[in-house]
Amino acid sequence: MNDMSEARQPEAPESPVTPVGVNHIVLHVRDMDVSHAFWTEVLGFRQVGELKATERRPNPPRMRFYSGLHNGNLKHHDVALVENKSLPVVVPPKEFSMFGNPTAVNHIAITFPNREAWLAQLAYLQKKGVEFGRRVDHGMTHSLYIQSPDGYGVELVYDLPREVWEGDIDGALNYVTELPKDGDAALQDKAEGLPVFAKA
Ligand SMILES: [Fe+2]
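Residues numbered from 1 in each chain as written. Predicted model: local features only at pLDDT ≥ 70, side-chain atom pairs only at ≥ 80, totals over all residues. Heavy atoms only, no water.

Peer 1: Quick one: what's the story with the layout of surface pockets, residue by residue and with numbers?
Peer 2: Of the volumes computed, that of the largest pocket is approximately 810 Å³. What lines the largest pocket is a set of 23 residues, and nearest its centre among them are Phe45, His70, Asp78, Ile110 and Thr111. Counting residues per element, the ones that place at least two in the lining of the largest pocket are strand 4 (69-70) and strand 7 (107-111). Looking at side-chain class alone, the lining of the largest pocket contains 12 nonpolar, 8 polar and 3 charged residues. Residues lining the lining of the largest pocket come from more than one domain, with at least three contributed by each of domain 1 (22-85) and domain 2 (103-200). Considering only enclosed or pocket space, the second largest pocket measures out at about 250 Å³ in volume. Lining the second largest pocket are 14 residues; nearest its centre among them are His138, Met140, Thr141, Tyr145 and Glu155. Split into classes, the residues belonging to the lining of the second largest pocket amount to 7 nonpolar, 4 polar and 3 charged. (1 Å grid on protein atoms, 1.4 Å probe; cavity = no way out; pocket = protein on both sides within 12 Å on 5 of 7 lines; lining within 4 Å. Points joined across faces, edges and corners; volume = space filled by probe spheres on them. Helix = DSSP H or I, 4+ residues; strand = E, 2+ residues; numbered from the N terminus. Nonpolar A, V, L, I, M, F, W, Y, C, P; charged D, E, K, R; others polar. Domains from an automatic or database assignment.)

Here it is as structure tokens:
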């Protein structure tokens, strides 16, 4: 029971400890209902909780928590939304653009478990009438970009096998092939003969 109190103070290392990665992201949204619909009905996340009023915080902001499925299991949260009515209105450009948008968030990338799931999601979005902003093959992912209700990008990806990109990550990051955004061609995905990035 006293394990914690008996634990020795950790030795401070010379350099920071490298983390695993991003645990979750919290986004301000102008309209909770609109963004809730986007994150659940468009992107497929599940709501796992919401901020409740307490004695100490009787009037909390509207805040909801969402999870994807991690090998079939929910996580405490991947994403949370906080409603902030004073967020500046961003009028998205007619043509989707990766750069120059007046938003703090450029884009958030969402992982699908495999190629089949990703292609099924693309077909679902197209059937639902969601506009495809940009479709590209990167060296490490195949990606679709769409726009969120608040004007930042959301990238839907599946990861290519590690062997394809780990030899030259920077090369894979700089590689891009633009692909069709409309019709049947927007649902075609090249799985064979992909470039392999190796150390020079
Ligand atoms: Fe990205």
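Peer 1: Kindly report on the environment of Ala117, identifying the contributing residues and their values.
Peer 2: Structurally, Ala117 is set in helix 3 (residues 115-128). Judged by its relative accessible area of 25%, Ala117 falls in the partly exposed class. Each C-alpha atom, one on Ala117 and one on Pro92, is 28 Å from the other, the two residues being 25 residues apart in sequence. (Buried < 20%, exposed > 50% of the residue type's maximum accessible area, 1.4 Å probe, protein only.)

Peer 1: Just give me the short version of the pattern of salt bridges, but keep the residues and values in it.
Peer 2: Taken as a whole and assessed by the stated rule, the structure comprises 9 salt bridges. For Glu50, the salt bridge identified is with Arg64, shortest N-O distance 3.9 Å. You can see Glu50 sitting in strand 2 (residues 46-50) and its partner Arg64 sitting in strand 3 (residues 63-67), a full 14 residues away along the chain. Assessed through its relative accessible area of 39%, Glu50 is described here as partly exposed. Salt-bridge contacts for Arg134 lead to Glu178; the nearest nitrogen and oxygen are separated by 2.9 Å. Highlighted residues: Arg134 in strand 8 (residues 134-138) and Glu178 in strand 11 (residues 176-179), separated in sequence by 44 residues. Because the salt bridges share partners, they merge into one network encompassing Asp33, Arg62, Glu83 and Lys85. (Salt bridge = Lys/Arg side-chain N within 4 Å of Asp/Glu carboxyl O.)

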